[in-house]
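# Structural description and commentary
Here is how the chains run, residue by residue.
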Amino acid sequence: MRYPKVSECVDVFETLWPTALAESWDSVGLAVGDPDAQVRSILLALDPLDAVIAEAVVLGSDLVFNHHPLLLKSVKSVNASTLKGGAVHTLISNGIALFNAHTNADSARGGVSDALISLLGIDDAVPLAPHAEGSTTGIGRVGDLPTPTPVRDIARTLSDRLPRTTTGVRIAGDPAAAVTRVAVCGGAGDSLFDEVRASGAEVYITADLRHHPATEARDTANRQGGRPQLIDVSHWASESVWLTMAAEQLETEFAQRGFSIALQHSAVNTDPWVERY
């Protein structure tokens, strides 16, 4: 057993979550780091926030694996006094690499939406928006519960199995409606209502539902038999459950390649909402 280099870690990441699965607008891959540097410890987190990077420094991590990208929008300067520049300088000065798998991890089998829908006991879901007809990869998932279940019971199950958040779990539509076909999209999924309707889903679970898309979706549903009912969860919570699945996949893949690596989950809760009245 030996420690991998950053480049060898990248190869593991891209085997599990191929770059080709990322959306065209996305930024994925190695954002900071020396490909030849040795990696003994990886810190897994959803967001590359200052607090997560500071945690990596304290823990002595050699690489931070994130879901969300540090450099999504164009950056014209990495001046250390700026938010993004400061993060880059801290990482480089402490010898820490930064890698992210974003929409490629949403699309891959065993990815973010698979982790979310599996909380309901659905393990044979198919992509909501497949990359190609018949493809097993793509954004979102849709599958069937074994028996019709009231929407409020699904919401309660999610509340029990997702990390507790200030914003909680919300329902739009009829909480008592009994549903079987479930669509999900981890993270913000209000751009997928057409795909949800086409899938025949009776309830749609996603995050960050805004007022206008939600009300228009419900008005449209009322003209089409009431489907889909909506369940809105925390963006952070909807994706954080994937990190456990990702860690298991990484442990297996590194071991199969003969690498010794320590994987740690960040203790930083990066959900921005902390209190409500």
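Residues numbered from 1 in each chain as written. Predicted model: local features only at pLDDT ≥ 70, side-chain atom pairs only at ≥ 80, totals over all residues. Heavy atoms only, no water.

By the naming in an unreviewed UniProt entry, the protein goes by GTP cyclohydrolase 1 type 2 homolog and is assigned to Brevibacterium antiquum. The UniProt entry for the protein carries the following text under Sequence similarities (unreviewed entry): "Belongs to the GTP cyclohydrolase I type 2/NIF3 family." Database annotation for the protein, UniProt heading Subunit (unreviewed entry): "Homohexamer." (UniProt positions renumbered as here; feature names shortened; annotations may be inferred.)

### A closer look at unusual backbone geometry
In this structure, the amide linkage connecting Arg227 to the following residue, Pro228, adopts the cis form with an omega of 0 degrees. Structurally, the position occupied by Pro228 is in the loop between helix H8 (211-222) and strand E10 (229-233). (Helix = DSSP H or I, 4+ residues; strand = E, 2+ residues; numbered from the N terminus.)

### Some thoughts on the packing of helix H1 (residues 6-16) against helix H9 (residues 235-256)
Remark: H1 packs on H9, axes separated minimally by 10 Å, with the N-to-C direction vectors making an angle of 125 degrees. By the criterion of interaxial angle, the relationship of H1 to H9 is oblique. Every pair of crossing elements has a handedness; the one defined by H1 and H9 is right-handed. Contacts between H1 and H9 pair Cys9, Val12, Phe13, Thr15 and Leu16 from the former with Gln249, Leu250, Glu253 and Phe254 from the latter. (Axes fitted to C-alpha atoms, helices over the stretch in contact; angles between N-to-C directions. Parallel < 35°, antiparallel > 145°, perpendicular 65-115°, else oblique. Left-handed = near helix turned anticlockwise from the far one by under 90°. Contact = heavy atoms within 4.5 Å.)

### Digging into the nonpolar core
In terms of nonpolar packing, the biggest core is built from 53 residues, with Phe13, Trp17, Ile42, Phe65, Leu158 and Ile205 touching the most fellow members. The greatest single-element share of this core, amounting to 9 residues, is contributed by H9. In this structure, this core is formed jointly by two domains, domain 1 (6-105 + 239-265) and domain 2 (109-233), each of which donates at least three residues. When residues no more than four places from it in sequence are discounted, the contact partners of Ile205 are Leu116, Leu120, Ile154, Leu158, Val182, Ala183, Val184, Cys185, Ile231 and Val233. Counting residues in each nonpolar core, the second largest holds 15 residues, with Leu192, Tyr204, Leu209 and Ala217 among its members. (Core = buried A, V, L, I, M, F, W, Y, C linked by side-chain atoms within 4.5 Å. Buried < 20%, exposed > 50% of the residue type's maximum accessible area, 1.4 Å probe, protein only. Domains from an automatic or database assignment.)

### Re the UniProt feature "binding site: a divalent metal cation" (unreviewed entry) in the protein
UniProt annotation of "binding site: a divalent metal cation" (unreviewed entry) refers to His67, His68, Asp106, His235 and Glu239 when read in the numbering used here. For the residues just named, distributed over 173 residues, the greatest C-alpha separation is only 13.1 Å, placing them together at one site. Lining the largest pocket, out of the annotated residues just given, are His68 and His235. Inspection of the secondary structure puts His68 in the loop between strand E3 (63-66) and helix H3 (83-93). Here His68 falls in the buried class, since its relative accessible area comes to 15%. Beyond its immediate chain neighbours, meaning those up to four positions away, His68 contacts Leu46, Asp47, Pro48, Asn100, His102, His235 and Glu239. (1 Å grid on protein atoms, 1.4 Å probe; cavity = no way out; pocket = protein on both sides within 12 Å on 5 of 7 lines; lining within 4 Å.)

### Things to note about the layout of surface pockets
Here the largest pocket defines a volume of roughly 620 Å³. Along the walls of the largest pocket sit 27 residues, with Asp47, His68, His235, Thr270 and Pro272 positioned nearest its centre. Breaking the lining of the largest pocket down by element, the ones donating at least two residues are H3, E10 and H9. The leading source of residues in the lining of the largest pocket is H3, at 3 residues. The class makeup of the residues in the lining of the largest pocket is 12 nonpolar, 7 polar and 8 charged. Taken together, domain 1 (6-105 + 239-265) and domain 2 (109-233) each give at least three residues to the lining of the largest pocket, which thus spans both. Of the volumes computed, that of the second largest pocket is approximately 240 Å³. Every residue lining the second largest pocket is counted, 17 residues in all, and those nearest its centre are Thr103, Asp106, Ile139, Cys185 and Ala188. Looking at the lining of the second largest pocket, the elements that each hand over two or more residues are helix H4 (103-107), strand E8 (178-188) and H9. (Points joined across faces, edges and corners; volume = space filled by probe spheres on them. Nonpolar A, V, L, I, M, F, W, Y, C, P; charged D, E, K, R; others polar.)

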